[in-house]
Amino acid sequence: MKLDDLKQDWQEAVVTPPTTDDFTKVIAMLEQQTTKIDKEIKRRDILEISIAVLLIPVWIYGLVNSAGTLQSIGLIIAILSCIYIPYRLLKAKKINSPKSTSIKSFLENEKQKVSQQKQLLESVATWYIAPLTVSIIFITLGATVDESGMPHLNSQLITYYAFLSMLVVGAYFLNKRSAKKKFAPLLTKIEQRLSELNSQ
Amino acid sequence: MHIEFEQMIVKSQGRIRYIASRYCHEGEFDDMYQEILLQLWRSFDSFQGQASRETWVYKVALNTACTFVKKAVKHKDLKQSVSRDTISVTEPAQNNCQAEILNTFMNQLNDTDASILMMYLDGLSSDECAEVIGISASAVRSRIKRIKIEFENQYIGD
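Calculation rules
Residues numbered from 1 in each chain as written. Chains lettered and ligands numbered in written order. Predicted model: local features only at pLDDT ≥ 70, side-chain atom pairs only at ≥ 80, totals over all residues. Helix = DSSP H or I, 4+ residues; strand = E, 2+ residues; numbered from the N terminus. Rg over C-alpha atoms; globule rule 2.2 N^0.38 Å. Buried ≥ 20, exposed ≤ 12 C-beta atoms within 10 Å, placed from the backbone. Contact = placed C-beta atoms within 7 Å. Domains from an automatic or database assignment. Nonpolar A, V, L, I, M, F, W, Y, C, P; charged D, E, K, R; others polar. Core = buried A, V, L, I, M, F, W, Y, C linked by C-beta atoms within 7 Å. pLDDT = per-residue confidence, 0-100. Axes fitted to C-alpha atoms, helices over the stretch in contact; angles between N-to-C directions. Parallel < 35°, antiparallel > 145°, perpendicular 65-115°, else oblique. Left-handed = near helix turned anticlockwise from the far one by under 90°.

As for the overall build of chain A
A count of helices and strands for chain A gives 6 helices and 0 strands. From first element to last, N terminus to C terminus, chain A shows the α and β order α-α-α-α-α-α. Computed over C-alpha atoms, the radius of gyration of chain A comes to 26 Å, more than 25% over the 16 Å expected from 2.2 N^0.38 for 200 residues, which places it beyond the range of a compact globule. Overall, the C-alpha framework of chain A stretches about 95 × 40 × 25 Å when taken along its three principal axes. A buried classification covers 18% of the 200 residues belonging to chain A. Put simply, of all contacts in chain A between residues at least 6 apart along the chain, 73% involve residues at least 24 apart.

Structure, rendered in structure tokens:
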């Protein structure tokens, strides 16, 4: 038996519809689903940007009425973070790989996109957690400075920092875990397919 | 657009089902099938007149299948609709011995060779396969030649 002998059987099997159902309902559902997905993406982007944008005037107001240098530094870091964080998130989403390109170029695009998203999560400590934590510490500590400019830690603030530390460590490991679980297997799968494509 | 899409899906559902069943893991068929339908619908605009229907379906379906990750939140409504209205069989029919032989053989191939074999059997030319995969037509031909030799070595005399 030769492979070409099976061509006709194959064509009959894939071309003949296995069911004769009406697709109208499915298409209506696809349309609804597409609209839902687009709306969700739009809502998420708006939420991320608007939170940052809304916080900037608050930080500026705080800067104008700052208690001292330490608090001002914290507020400046917070303002810069509110500009930089949405920028990083939007930049990572920008790579769009249309599904109707060739498999090779689609996979190359996807590899770049997934690598970038994985790297974004892995480096979350440097671009998200660190600036926000430092700014919170400077702002709160700056509020306790005396006339000589020395901050004074009290028990409430120490408890607050302890909770903040736990939150920060938790967020860091959750992001690391997500990068490992969500993106690493997909990246391996894509790289494997690309090496299959490139081998003769 | 609805009618054109519906006609295209009716003509191509055998291919889509086969691709979904070849690339999915156990229990993922419905999810992958509906994800391919969704991606076809989403990129249907880019298809209009740009390529042949078969190459476009293969591109979108294979690209979706090879980067498919089961989502935690499923498209529940769509899933119910697809399952109720269109999926009476969740796997391609394997009602004859030749189809079984072909399935077994295809499962032994890597994903790229399986894609090329699918398109070859479907009657796509080397140039069309090359367009879908993104490699040269001569590379496609040499892969087909190798696949044929492998097949004949395994099933010669059957």
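Don't stop here, the text continues.
Section: the overall build of chain B
Along the backbone of chain B there are 9 helices and 0 strands. Listed by position from the N terminus, the elements making up chain B come as α-α-α-α-α-α-α-α-α. Looking at the 158 residues of chain B, the share that counts as buried comes to 39%.

Section: the environment of A:Leu141
Residues and elements named next belong to chain A. Relative to the helices and strands, Leu141 is located in helix α5 (residues 124-142). Here Leu141 falls in the partly exposed class, since 18 other C-beta atoms lie within 10 Å of it. The sequence separation of Leu141 and Pro131 amounts to 10 residues, and the corresponding C-alpha distance is 15 Å. If near-sequence neighbours (up to four positions away) are discounted, Leu141 is found in contact with Leu70 and Pro151.

Some words on the domain arrangement of chain B
Residue and element names in this part refer to chain B. Domain parsing of chain B yields domain 1 (1-93) and domain 2 (95-158). Put simply, the parts of the chain that give the side of domain 1 that touches domain 2 at least two residues each are α1 (2-23) and α4 (53-66). When residues in the side of domain 1 that touches domain 2 are grouped by element, the largest group, 6 residues, is from α4. Of the residues assigned to the side of domain 1 that touches domain 2, the class counts are 5 nonpolar, 2 polar and 4 charged.

Some remarks on the environment of B:Tyr58
Considering the arrangement of structural elements, one finds B:Tyr58 in helix α4. In sequence terms B:Tyr58 and B:Ala114 are 56 residues apart; their C-alpha atoms lie 12 Å from each other.

A closer look at the nonpolar core
In this structure, B:Ile19, B:Ile36, B:Ala61, B:Ala65, B:Cys129 and B:Ile133 are the most contacted members of the largest nonpolar core, which totals 47 residues. It is α4(B) that contributes the most residues to this core, 8 residues altogether. Not counting chain neighbours up to four residues away, the residues in contact with B:Ile36 comprise B:Ile16, B:Ile19, B:Ala20, B:Ala61, B:Thr64 and B:Ala65. Counting 9 residues, the second largest nonpolar core, distinct from the first, contains A:Trp59, A:Leu70, A:Ile77 and A:Ile139.

As for the confidence of the model for chain B
Residue and element names in this part refer to chain B. Predicted confidence across chain B gives a mean pLDDT of 79, with 79% of residues reaching 70 or more. Predicted confidence in chain B is weakest over helix α5 (residues 76-85), with a mean pLDDT of 48, and strongest over helix α8 (residues 126-133), with 93. Within the model, pLDDT remains below 50 along residues 83-94, and this stretch shows 25 contacts once partners closer than five positions in the same chain are excluded. Across the interfaces of the predicted complex, the ipTM metric reaches 0.76, alongside a pTM of 0.76.

Comments concerning the packing of helix α2 (residues 24-64) of chain A against helix α3 (residues 69-93) of chain A
Residues and elements named next belong to chain A. Running from N to C, α2 and α3 point in directions that differ by 165 degrees, and their axes come no closer than 9 Å. With respect to α3, the axis of α2 lies roughly antiparallel. α3 is crossed by α2, and the crossing has left-handed handedness. Across from Glu48, Ile49, Ala52, Leu55, Ile56, Trp59, Ile60, Gly62 and Leu63 in α2, the residues of α3 making contact are Ser72, Leu75, Ile76, Ala78, Ile79, Cys82, Ile85, Pro86 and Leu89. Residue classes in the contact of α2 with α3 are distributed as 15 nonpolar, 2 polar and 1 charged.

Things to note about the packing of α2(A) against helix α2 (residues 29-42) of chain B
It is at 10 Å that the axes of α2(A) and α2(B) come closest, and there the two elements cross at 75 degrees. By the criterion of interaxial angle, the relationship of α2(A) to α2(B) is roughly perpendicular. On α2(B), the residues touching A:Val26, A:Leu30, A:Gln33 and A:Thr34 of α2(A) are B:Leu37, B:Leu38, B:Trp41 and B:Arg42. Looking at the contact of α2(A) with α2(B), its residues break down into 5 nonpolar, 2 polar and 1 charged.

Things to note about the environment of B:Phe151
Structurally, B:Phe151 can be placed in helix α9 (residues 137-155). Accessibility expressed as a C-beta count within 10 Å gives 22 for B:Phe151, which makes it buried. For B:Phe151 and B:Met106, which are 45 residues apart along the polypeptide, the C-alpha to C-alpha distance reads 9.5 Å. Sequence-distant contacts of B:Phe151, that is, excluding residues within four places in its chain, are made with A:Leu3 and B:Phe105.

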